[in-house]
Structure formats: C-alpha cells, structure tokens
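# Coordinates in review
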Amino acid sequence: MQEAEDRQALTFLQVKAAPDTVKGQTVVFGGKVLSARRQKDSTRIEILQLPLDRSARPGSDLTQSQGRFLALQQEFLDPATLPPGTRVTVTGEVSGSVSLPLDETDYTYPLITIKRVQVWAGAEDMPHVIHPYMGPSPYWGPYWGPYRRWPYW
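Now for a description of the structure that goes with this document. Quick caveat, the model's predicted, so the values are computed rather than measured.

### Focus on the pattern of salt bridges
Using the criterion set out here, one finds 2 salt bridges in the structure. With a shortest N-O distance of 2.7 Å, R68 and E46 are connected by a salt bridge. Of this pair, R68 sits in strand β3 (residues 68-73) while E46 sits in strand β2 (residues 43-50); the two residues are 22 residues apart in sequence, bridging distant segments of the chain. Owing to a relative accessible area of 14%, E46 belongs among the buried residues under this scheme.

### A word on unusual backbone geometry
Phi angles above zero are rare outside glycine, and A56 is one such case at about 70°. Under the relative-accessibility criterion, A56 is labelled partly exposed at 27%.

### Side note on the environment of P58
Mapping P58 onto the fold places it in the loop between β2 and β3. With a relative accessible area of 2%, P58 lands in the buried category. In this view, P58 contacts G30, G31, L50, P51, L52, R87, V88, T89 and W120; residues no more than four positions away in its chain are not counted.

### Here we look at the side chain of T89
Within the secondary structure, T89 sits in strand β4 (residues 87-102). A distance of 2.8 Å separates the side chain of T89 from the side chain of W120, its partner in a polar contact. If sequence neighbours within four positions are ignored, T89 has contacts with V28, F29, G30, L52, A56, R57, P58, R116, V117, Q118 and W120.

### Describing the packing of aromatic side chains
Counted under the stated rule, the structure contains 4 aromatic pairs. Centroid distance F12 to F29: 5.2 Å. Interplanar angle 80°. Geometry classified as edge-to-face. You can see F12 sitting in helix α2 (residues 12-17) and its partner F29 sitting in strand β1 (residues 26-38), a full 17 residues away along the chain. On the basis of relative accessibility, which here comes to 3%, the residue F12 falls in the buried class. Taken together, the aromatic side chains of F12, F29 and F69 make up a single cluster linked through ring pairs.

So, how was this worked out
Residues numbered from 1 in each chain as written. Predicted model: local features only at pLDDT ≥ 70, side-chain atom pairs only at ≥ 80, totals over all residues. Heavy atoms only, no water. Salt bridge = Lys/Arg side-chain N within 4 Å of Asp/Glu carboxyl O. Helix = DSSP H or I, 4+ residues; strand = E, 2+ residues; numbered from the N terminus. Buried < 20%, exposed > 50% of the residue type's maximum accessible area, 1.4 Å probe, protein only. Contact = heavy atoms within 4.5 Å. Polar contact = N/O pair within 3.5 Å; in protein donor to acceptor, adjacent residues only side chain to side chain. Phe/Tyr/Trp six-rings, centres within 6.5 Å; stacked < 30°, edge-to-face > 60°.

Quick look at the structure:
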C-alpha cells in the first residue's frame, strides 16, 4: 500500500530530475500539446507540463510550467486529433528519458508511455450557463448565473 501512495506522490520535478530511477512507476501529468508526431510504431506527443487542478485538468498559466515531457501512445493515434494548444492529462508509466534538440541546445525529456490520455476540449473547459431566452453560452458573466433570470444592472 505504501508503494501505491509513493507512486501517486511522484511529482513532475522528481521524474524530470531522475527519470531512470523511477522507471516503471505510474504518473499523472498534464499540460499543453506542443506537437504530435506519428512514428513508425507509435505517436510521440511533446507536452509543456502544467500543474493539474483538483479535477486533473491542466492549468492555463504557462509560467507555472516546470518543463516538457514526451508521451508515447503505442496504438495508432492520429496527430491531427491533438493539434498544438490542446490541453491533455496523461496517465502513464515512466519509461526513462530521451535527449532531443530544442532550439540551439539539447533538452532531456522525461518519457511517459501512455495508459490513458484525457483531452480537454476548449468548450468543456468553459463554464456553461443556460439563459432562458438566449440559450447556452460560455460568455455570460457571473450575473447571468442559474439563480438570476436577468443581468444585474
């Protein structure tokens, strides 16, 4: 049981610092897709890590990122389904690391083999309020909530 708790407590910085020492452990990381590329036998997703909220959604403040990671999907995954900017939460197993060029230097990416990926579509992220006459919209302010029929002037 203690081992399972340790796995849940594994942070992105711990994995980034020593990915080979935590190989095989399950992690849940999220972030913003930077690129998705189809390889010979997998799809490689480069993700800018972002902290997760209580519902496991990645935040939107890019300055909170602690780095980048690569996620590998073994089954076919069309890169067009994960365009740059898509927010995702990845549950997977740490598989080590890989160094790749990033601008004018080499960057060491923690490598995660995907067990499950949750895609957060933009419309799902926005709170939806249904106005009785104008229909659903994510653009109503706090005064158009479910407890008021008309805007507060």
